[in-house]
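Structural overview
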Amino acid sequence: MRRLTPYLLALPSWMWLAIFLVVPMAAMASVSLQTGNAIDGYAMTFSFSNYTDALGRYSPQLLRSLLYGGLATAAMLVIGYPVAYWIAFKAGPRKSVYLFLLLLPFFVSFVLRTISWNFLLSDNGILFGTLKAWGLLPADFHVLATTFAVVGGLTYNFLPFMILPIYVALERVDPRVVEAAQDLYATRMGAFRRVVLPLSLPGVFAGVLMTFVPATADPINAQILGGTSNTMIGNIIQTEYLTNLNYPAASALSFTLMAVLLVGIFVYARALGTDNVLEAAAR
Amino acid sequence: MNPPPPHLPRREAFRIAGFSAAGLALAACGVQGQKAAPPKADAVQDFWAKQTKHGKVVFANWPEYMPEDKAPLEKFKEATGISYEYKEVIQENADFFGKADPVLRAGQPLGYDIVVMTNGIQLQHMIELGYAVPLDHTRLPNFGANAGQKYKERSYDPGSKYTIPYTSGVTGIAYNTKYVDEDITSIESLFDPKYKGRVGMMSDAQEIGNFGMFALGIDPEKSTEADWKKAGEKLKAQRDAGIVRKYYDQSYIDAVAKGDIWLSMAWSGDIFQRQLAGEPVKFVVPEEGGTIWTDNMLIPKGAANPLDALMLMDYLYQPAVAAELDEFIQYVTPVPAVQELLREKAKTAKGEDKKALEDMVDSPLMFPTEADYVKLRTYTTLTNQQQQVFNPIFQSITQA
Amino acid sequence: MSRSRLGDRLLHGYTWLIIIWLSSPIAVMILFGFNDKQSKSNTSWQGFTLKWYAQLFEISDLTVALRNSLLIAVISTVVTVVIGTMLGLALGRHRFRGKGTTNFLVFAAISTPELVMGASLLSLFVSGNVPRATATIIISHVLFSLAFVVVTVRARIVTLDPSLEEAARDLGATAWGTFRQVTLPSIMPGVMAGAMLSFALSIDDYVVTSFVNGSTVTFPLWIVGAVKTGIPAQVNVMGTLIFGIGVVIAVVNAVAVRRRT
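Rules used throughout
- Along each chain, the written sequence defines residue order, and numbers are assigned to residues from 1.
- Chains carry letters from A onward and ligands carry numbers from 1 onward, assigned in written order.
- The model is predicted, so local features are restricted to residues of pLDDT at least 70 and side-chain atom pairs to those at 80 or more, both for listing and for counting; the totals for chains, interfaces and linings are taken over all residues.
- Hydrogens are left out, water is left out, and the side-chain values use all remaining heavy atoms of the structure.
- By the criteria applied, helices consist of DSSP H or I runs no shorter than four residues and strands consist of E runs no shorter than two, each listed in order from the N terminus.
- The classification of residues rests on relative accessible area computed with a 1.4 Å probe and restricted to protein chains. Under 20% of the type maximum is buried, over 50% is exposed, and intermediate values are partly exposed.
- Computed with the Shrake-Rupley method and a 1.4 Å probe, the accessible areas treat only the protein chains shown as cover for residues.
- Should any heavy atoms of two residues lie within 4.5 Å, those residues are considered in contact.
- Once two parts are brought into contact, the accessible area they lose, counted with a 1.4 Å probe and summed over both, makes up the buried area.
- Whenever a carboxyl oxygen of Asp or Glu lies within 4 Å of a side-chain nitrogen of Lys or Arg, that contact is scored as a salt bridge.
- Polar contact is defined as a pair of N or O atoms within 3.5 Å, subject to the rule that within protein one atom must be able to donate a hydrogen and the other to accept it, and that residues adjacent in sequence are counted only when both atoms are side-chain atoms.
- Side-chain classes are defined by residue name, with Ala, Val, Leu, Ile, Met, Phe, Trp, Tyr, Cys and Pro counting as nonpolar, Asp, Glu, Lys and Arg as charged, and the others, Gly among them, as polar.
- pLDDT gives the predictor's per-residue confidence on a scale running from 0 to 100.
- Residue types Ala, Val, Leu, Ile, Met, Phe, Trp, Tyr and Cys, when buried and joined through side-chain atoms within 4.5 Å, form a set referred to as a nonpolar core.
- Classification of ring pairs rests on two measures: the distance between centres of Phe, Tyr or Trp rings, Trp counted by its six-membered ring, which must be within 6.5 Å, and the angle between planes, read as stacked under 30 degrees, edge-to-face over 60 and tilted in between.
- By this rule, a helix spans an expected 1.5 Å times one less than how many residues it contains.

Here we take up the overall build of chain A. Helix and strand content of chain A: 11 helices and 2 strands. For chain A, the succession of helices and strands along the chain, N to C, is α-β-β-α-α-α-α-α-α-α-α-α-α. Each of the three principal axes of chain A carries a C-alpha extent, and together these read 70 × 70 × 30 Å. By residue count, 60% of the 283 residues in chain A fall in the buried class. As presented, chain A carries roughly 11000 Å² of accessible surface, and 68% of it is formed by carbon and sulfur atoms.

This paragraph deals with the interface of chain A and chain B. With 44 residues of chain A in contact, the opposing surface of chain B contributes 43 residues. Of the roughly 3400 Å² buried between chain A and chain B on both sides combined, carbon and sulfur atoms contribute 49%. When the area that chain A buries against chain B is broken down by residue, the three leading residues are Ile39, Thr228 and Leu242 of chain A, summing to 21%. Taken together, chain A and chain B are joined by 3 salt bridges. Arg198 of chain B is the salt-bridge partner of Asp123 of chain A, the closest N and O atoms lying 3.3 Å from each other. In this structure, the connection of chain A to chain B is made through 18 residue pairs in polar contact (both at pLDDT 80 or more). When contributions to the side of chain A that touches chain B are tallied by element, the ones reaching two or more residues are α1 (5-32), β1 (34-37), β2 (41-44), α2 (49-90), α4 (110-120), α9 (220-225) and α10 (233-243) of chain A. With 5 residues, the top contributor of residues to the side of chain A that touches chain B is α10 of chain A. Grouping the constituent residues of the side of chain A that touches chain B by class yields 19 nonpolar, 19 polar and 6 charged.

Looking now at the confidence of the model for chain A. All names here are of chain A. Looking at chain A, pLDDT values average 84 and 95% of them are 70 or higher. For chain A, per-element mean pLDDT is lowest for β2, which scores 78, and highest for α2, which scores 93. Here residues 275-283 is modelled with pLDDT under 50, and outside its nearest four sequence neighbours on either side it reaches 18 contacts, counting other chains as well.

With that settled, consider the environment of Glu165 of chain C. All names here are of chain C. Within the element layout of this structure, Glu165 appears in helix α7 (residues 162-170). For Glu165, a relative accessible area of 8% corresponds to the buried category. In this structure, Glu165 is in contact with Arg93, Thr178, Val182 and Thr183, ignoring residues within four places of it in sequence.

Attention now goes to the nonpolar core. Ranked by internal contacts, the top residues of the largest apolar core, which has 309 residues, are Phe59, Tyr166, Leu190 and Met297 of chain B. Filtering out sequence-adjacent residues up to four positions away, Phe59 of chain B remains in contact with Met66, Leu73, Glu85, Tyr86, Lys87, Ile114, Val116, Tyr166, Met297, Leu312 and Leu316 of chain B.

Attention now moves to the interface of chain C and chain A. The interface is formed by 98 residues belonging to chain C together with 87 residues belonging to chain A. Area buried by chain C at its contact with chain A is led by Leu22, Phe107 and Met196 of chain C, which between them contribute 8% of it. Put simply, chain C and chain A have 2 salt bridges between them. The salt bridge involving Asp204 of chain C is made with Arg113 of chain A; its shortest N-O contact spans 3.3 Å. Put simply, the parts of the chain that give the side of chain C that touches chain A at least two residues each are α1 (2-32), α3 (60-93), α4 (99-111), α5 (114-127), α6 (134-157), α8 (175-203), α10 (219-227) and α11 (233-260) of chain C. The dominant element in the side of chain C that touches chain A, judged by the number of residues it contributes, is α1 of chain C, at 19 residues.

Bringing the packing of aromatic side chains into the picture now. Two aromatic rings are characterised by how far apart their centres lie and by the angle between their planes. Inspection of the entire model under this criterion finds 35 aromatic pairs over all chains. Arranged with centres 5.5 Å apart and planes meeting at 80 degrees, the rings of Tyr156 of chain A and Trp21 of chain C form a pair that is edge-to-face. Taken together, the positions of Tyr156 of chain A in helix α6 (residues 147-170) and Trp21 of chain C in helix α1 put the pair across two chains. According to the relative accessible area criterion, Trp21 of chain C is partly exposed, its value standing at 28%. Here a set of aromatic residues connected by ring pairs shows up, and it is made of Tyr81, Tyr85, Phe89 and Phe192 of chain A.

Once that is clear, we can look at helix α4 (residues 93-105) of chain B. All names here are of chain B. Taking 1.5 Å per residue, 13 residues should reach 18 Å; α4 reaches 17 Å between its end C-alpha atoms and fits that length. Most of α4 sits out of view: 13 of its 13 residues are buried. Where α4 ends, the next residue or the one after it, Gly107, has phi of about 80 degrees, a positive value.

The structure is reproduced here in C-alpha cells:
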C-alpha cells in the first residue's frame, strides 16, 4: 500500500493533465506541422518549415519577449524578496493577513487595474501633470507607450507569484537557525547570504518559474501599455491565431516559445547548482 | 522491486514520444476544408418554406448595443409572442470567430439564432465557409421599406443575401482641440512631422490599410496588391519617422481625450460619447476619404429558431423601434427615417434629454450627411488568398 | 541590536509600500465608483455621487456575470487545492516512476500561452461533443491553476523534515492521521498560498475563459466587452465592494489573531 501511495496521490492530477493538457497539446503539435488555411482546410505535410519560417520572421519579437520577461523577473525578485522575508520572519501571527492584502488587488479585474494605471500614468494626468506643472519633468515626458511601461506592467502584474513561493519556503526556516547563523557570521548580511538565502532557493526557483514563463508569454501588457516597438511574441501568436487564422504558424510559435523557455529554465537551474533540472525543487 | 533503470530520462523520452505519436496519428488526417458552394435559390426557398415559428429566439450581440430595459425586445415579445434570450457574448470579431469556427466546422450549432459581426475578414469567412444561413427577403418587408440605399448595397454581401445591418460607424480622425490649434481636414495631418510622437493609428490591418490607401488617393474598394504595397510603404515611412506613438485596438479614445495623443484614427461613436461628456475632442471625415463599417446581423448555421430570428431582425427595422435603439447605441442607424423621429422627440422633450437628443440629431457622427457618404468606403473585400498577402504587409508595420 | 531593529522597521515600511503600490490602481477604481458621469465613458471626473451604489444591480447581465465568476472561482479553487496538494505531496516526498514526466507536464501547463491553452481546450471539447458552459470553464481553470498550486506546495514540502512524520508513524498513527495532524499543519501555509493564487487566477481569467465559456459570461468577460463602449460605474462599485469585503476579512483576521496571542 505504501508503495502505491505516490501513485494514488498523483492520479487525479495525472488524469486531469492527461485529458486536458496532453491530448490537446498533441493535437496542437500535429497542427503545427500542417499546411493550409481556414477555407480550404489543413493537411498534414510534416512541414517543419513552419518552425523555421516562424523563427525567421519573428525572432526579434521572441528575443524581445525573453528580454522583457527576464528584466521583469529580475525586478520582481529584487522587489519581492524583502517582502517575503519580512512577512515570513517578522510579521508574526498576522502573516496570512499580509499575504491576503498582497493578493487582494488581483481579485479585482485586471482590466480595471490596467485602466486605472492608464489613468494614473497618463502624460498630463494626476501624477505627471502635477510634476510637469512644477517644472520637475520635461513637457515631453511620458511613461505610457514605452518599454519601461511594459516591463513595469509585467512586474506589477506578476509580483505576487514571486512573493508567495519565496515566502512559503522562507517561512519554514527556524528563526533559531537564523539566530545561530548571525552569531556565527557576525553580520546579518553574512547570515543571510550563507544560511537563509540557500534555504530559500526552492522558493526562489518556484517564483522564477511562475513569473518568468508567463511574463515572457504575456500579450496583455504589451498591448495596453506598449508603444510601436514593444510587440511581444504573445501578441504575434494571438494575431496569427485569431486574425490570420494561421493555426499551423500559431502552434509552431507556441511550441517554439515553450522550448525556448524550457532551455532558459534549464540554464537557470544549472546556475543554481541543481543536477536534474526537472527535479530542481526536490533537491 | 527492481532498481530503477539507469536511464530514467530515456524512459520518459519514450513515453513522451508515445504520446506524440498517438496525437499525430489522431490528427494526421488533418482538418477537412469546408469551402461551401453558394446554395441554389431553390434550396433557400425550400429551407424557409419548412420553417415554423417556435416562439423563442436567442440573440447574441456586443455589449452596450441594447438598452438595459430591453424595451425593443419586450415590444417584440408583445407583438409576436416570441420570447427572447439576449446575450452580450461578442467582444471581438476575431475572438468570436475563433470560438465559433471549431463548433460550426464540426457541424454543431452555436446555440444562437442571431449573431452580430462587423464586416471584415471574419464575416467573410462565415459566409465563405457556409456558416451563415441565406435570408428570405420576402419575409423582411421592413428592411426592404426602411433601410437606406447604401445599407442595401454593401460590397461585401451583394443583395444582402446573408446579412442585414444592425448599426454602422465611421472611421475618421479624432483630435484634441486643447492641443491642436488648427482645424483638421486632411488625412495628411496624421502624417505630419509636426505631430511627431502624438499620433495614434489603428492596429487592425484593414483599418490602417484603408487609411494608407486614402492618403495616396487610392479607393480601397478597387485596390490591387500593388496598391497595398504602396500604402504599406507610406505607413512604414510614417512609423520610421517616429510620428506614431502607438497602434491602438480600441483604447485610442482615452488617450486622445486625455491628450496623450493629439490626433488619432477613430470611430465616430466613441467621439460622440466623449463630446456628450464635454471633453475637448472633435471628429472629422478626412477629405481624402473615411471608412464606413457595419455590424451586421446574421443567422448562423444550425440555429434552432431561424424563422423567429428573421422576424426579430425585420422588427428592428420599424422606424420607431430603430429610433429607440439608436438613441441608446449612438452610432449610425441603417434606417434614415430615425433622424426625423428623433427630431420630433426632441421637440417634446425637456431639459437634459432635450439637449442630448438635439445633439444627436444634429451630429454628423450619428447622421452623416450626403457629402460625408460620398467620401466613405468600406474595407477592402479580400479573398482568402488575398488576405495572406494583405495582412502581412500591414502587420509587419503594426507589430514590428 | 538597535541596528537590526531599524532594519526590521525599514523592511516593515517597505512591505507596506509594496502593498500600497499594488493597491494604487484600486484607489482610482474606488474613486470613479463615485463619479457622476454623464456619458458612457468613465474617465474624467464630473462630480461626486452615490447613485451607482443605489443602482448596483441594475445591469442584470453584469450581476449574473459577477455571480458566475464567484461561483466558478470557489469551486475551481477547492478542486485545484485538493488534487494539487496531493500531487505536490507525491512530488515532494516520494520517488516514483513518471516523476520527470509529471514535472515536465507541470512546466508545460505554466508555460503554455493562455491563448493556445484556450484554443486547444475548445477543440477538445468540441470534438468530444461537450457543451461549453460553466462546467468547462471550471475544468479549464483547474487546469491552469493546478500547476501553480503544485509548485507552491512542493516548494513547501521540500523544506519539511520527514522525521516528524516517521516519528508519528512509529508511535502508531495511521497514514491518514499522520497526514491530518502532522503533515497538513506544516504544509498549510503552502496550501493557503496556493488557494489564494488559484482563486485570484480564476476570478480574473479572461483569455482561456473566453474560448470555453459557451454562453456563460463571467465578470472579466463582461468588462472587456464593455471597454469598447465605456465601462459602467457599477463595475467600479462591484470592484470596490469585492476589495472592501477583502479588507474587512483581513482586518477581522488581524484582530482575531491579536486576541489569540
